[in-house]
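Chain and residue survey
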Amino acid sequence: MFNGFSLAQRARVKTVTTDLNTYYSSVAERLFPNIINRFHIIKMINQAFNHERIKKMKLIAKPSVEHNLFKCHWRLFLLDSTQLDNEHPRYRRQLKYLMADAQIVSEALELSEELLLSHNIIHKLLRAIICNDILTLACCLRAFKQSFKQVSVQKARWTKKHGGTYPKNIKNIDNNRLIQTLNTLTTDKNLAHVLNATNPKFAKYSNGPIEGINRKIKLLRRLSFGMPNFTNMKKLIILWLDFKSKKKNSKKIALIS
């Protein structure tokens, strides 16, 4: 479809925002000058940390306070330290204790050094992306890439000497979702595009709003148990997306499907 436009017209496109799907980026590279992604980078990093948190949580017997620290307050782990309340403890029903947000995160991370390291890494990356600090992000990703190359060399030496059965420490690296995600972000093909996401010139571009709209539409379809009539579905989507009025004191509309 885009081949129908001339190269001069396509050159007027300043950015193309995609996820890290190889097919999307390869097609866009042939047609448009710039590729950046921002929303999907943050999404991938958060999902990788959540995967490691859940893996740690499953190793803890339930019901227990330690298990509930990881399960019931997972959103707090994704917040920056500046966003965590440290001065107003509240009673936590699942923990049966008065605790502030920052205290919950601190006590949970004390249970796992590996998770603590992962938590520090993701927030350093997220802070760099949100603050458009391209130098910090580049240093972090390139340092990881260098470390991962050293691990790959060690794996090759081990395989040559002992065969394909790796020791436990190397297996843990291979099974770590955050390491897998960072390895994807730092490939030769993706690294330049990832760094573009923190370029202040492209900071305002994101497909996050589109992803949010798509998720709302999928949720609406589930709540409606399907929508065979496209016209009715279109009207309901329009109503739901314009659900909140700009006036602060406006009443909410209840949609009945």
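This section reports on the structure supplied with the text. In this text, all values refer to a predicted model and were calculated from it rather than measured experimentally. (Residues numbered from 1 in each chain as written. Predicted model: local features only at pLDDT ≥ 70, side-chain atom pairs only at ≥ 80, totals over all residues. Heavy atoms only, no water.)

Attention now goes to the overall build of the protein. Summing up its helical and strand segments, the protein has 13 helices and four strands in all. Every one of the 257 residues in the protein was classed for burial, and the buried ones make up 33%. Sequence-distant contacts, at least 24 apart, represent 57% of the contacts inside the protein between residues at least 6 apart. Accessible surface computed for the protein: about 17700 Å², of which carbon and sulfur atoms make up 56%. (Helix = DSSP H or I, 4+ residues; strand = E, 2+ residues; numbered from the N terminus. Buried < 20%, exposed > 50% of the residue type's maximum accessible area, 1.4 Å probe, protein only. Contact = heavy atoms within 4.5 Å. Areas by Shrake-Rupley, 256 points an atom, 1.4 Å probe, with all protein chains shown as cover.)

In this structure, the largest pocket encloses a volume near 460 Å³. Along its surface, the largest pocket is lined by 21 residues, and Leu117, Ile121, Phe144, Ile179 and Leu182 are the ones closest to its centre. Secondary-structure elements contributing two or more residues to the lining of the largest pocket are helix H7 (113-130), helix H8 (134-162), helix H9 (168-174) and helix H10 (177-185). (1 Å grid on protein atoms, 1.4 Å probe; cavity = no way out; pocket = protein on both sides within 12 Å on 5 of 7 lines; lining within 4 Å. Points joined across faces, edges and corners; volume = space filled by probe spheres on them.)

With the rule as written, the count across this model stands at five salt bridges. The salt bridge involving arginine 127 is made with aspartate 80; its shortest N-O contact spans 2.9 Å. Separated by 47 residues along the polypeptide, arginine 127 in helix H7 and aspartate 80 in the loop between helix H5 (74-77) and strand E3 (90-92) bring together distant segments of the chain. Judged by its relative accessible area of 14%, aspartate 80 falls in the buried class. For arginine 92, the salt bridge is made with aspartate 101, and the minimal N-O distance between the two is 2.6 Å. Residue arginine 92 is classed as buried on the basis of its relative accessible area, which comes to 6%. One continuous salt-bridge network, built from bridges that share partners, spans Arg90, Arg92 and Asp101. (Salt bridge = Lys/Arg side-chain N within 4 Å of Asp/Glu carboxyl O.)

Relative to the elements of secondary structure, asparagine 190 occurs in the loop between H10 and helix H11 (191-196). Every residue in contact with asparagine 190, bar those within four places of it in the chain, is listed here: Leu20, Thr184 and Leu185.

Moving on: helix H6 (residues 101-109). All buried positions along H6 are accounted for by Asp101, Ala102, Ile104, Val105, Ala108 and Leu109. For H6, the arc enclosing every buried residue in end-on projection is 160°, short of the 170-degree limit, so these residues lie on one face. Tucked inside the fold, the buried residues of H6 contact helix H4 (65-71), H5, E3, strand E4 (97-99) and H7. (Arc of directions from axis to C-beta.)

A few words on the packing of aromatic side chains. Inspection of every chain in the model, using the stated rule, returns two aromatic pairs. Their ring planes at 40° and their centres at 6.3 Å tell us that phenylalanine 49 and phenylalanine 77 sit as a pair that is tilted. Of the two residues, phenylalanine 49 is situated in helix H3 (residues 39-57) and phenylalanine 77 in helix H5; the sequence distance between them amounts to 28 residues. Accessibility expressed as a relative area gives 0% for phenylalanine 49, which makes it buried. Here the aromatic rings of phenylalanine 70 and phenylalanine 77 are separated by 6.1 Å at their centres, their planes lie at 10°, and the arrangement is stacked. (Phe/Tyr/Trp six-rings, centres within 6.5 Å; stacked < 30°, edge-to-face > 60°.)

Inspection of the entire model under this criterion finds zero disulfides. Cysteine cysteine 139 remains unbridged, with the sulfur of cysteine 140 as its closest cysteine sulfur at 6.9 Å. Using a relative accessible area of 55% as the deciding quantity, one classes cysteine 139 as exposed. (Disulfide = S-S within 2.5 Å.)

This part takes up the nonpolar core. Within the largest apolar cluster, 37 residues are counted, with the highest numbers of intra-cluster contacts made by Ile45, Leu137 and Leu141. Examining the composition of this core, we find that six residues originate from one element, H7, more than from any other. Setting aside its immediate chain neighbours within four residues, leucine 137 contacts Leu125, Ala128, Ile129, Val194, Leu195 and Thr198. (Core = buried A, V, L, I, M, F, W, Y, C linked by side-chain atoms within 4.5 Å.)

All we've got here are geometric facts, nothing functional implied.
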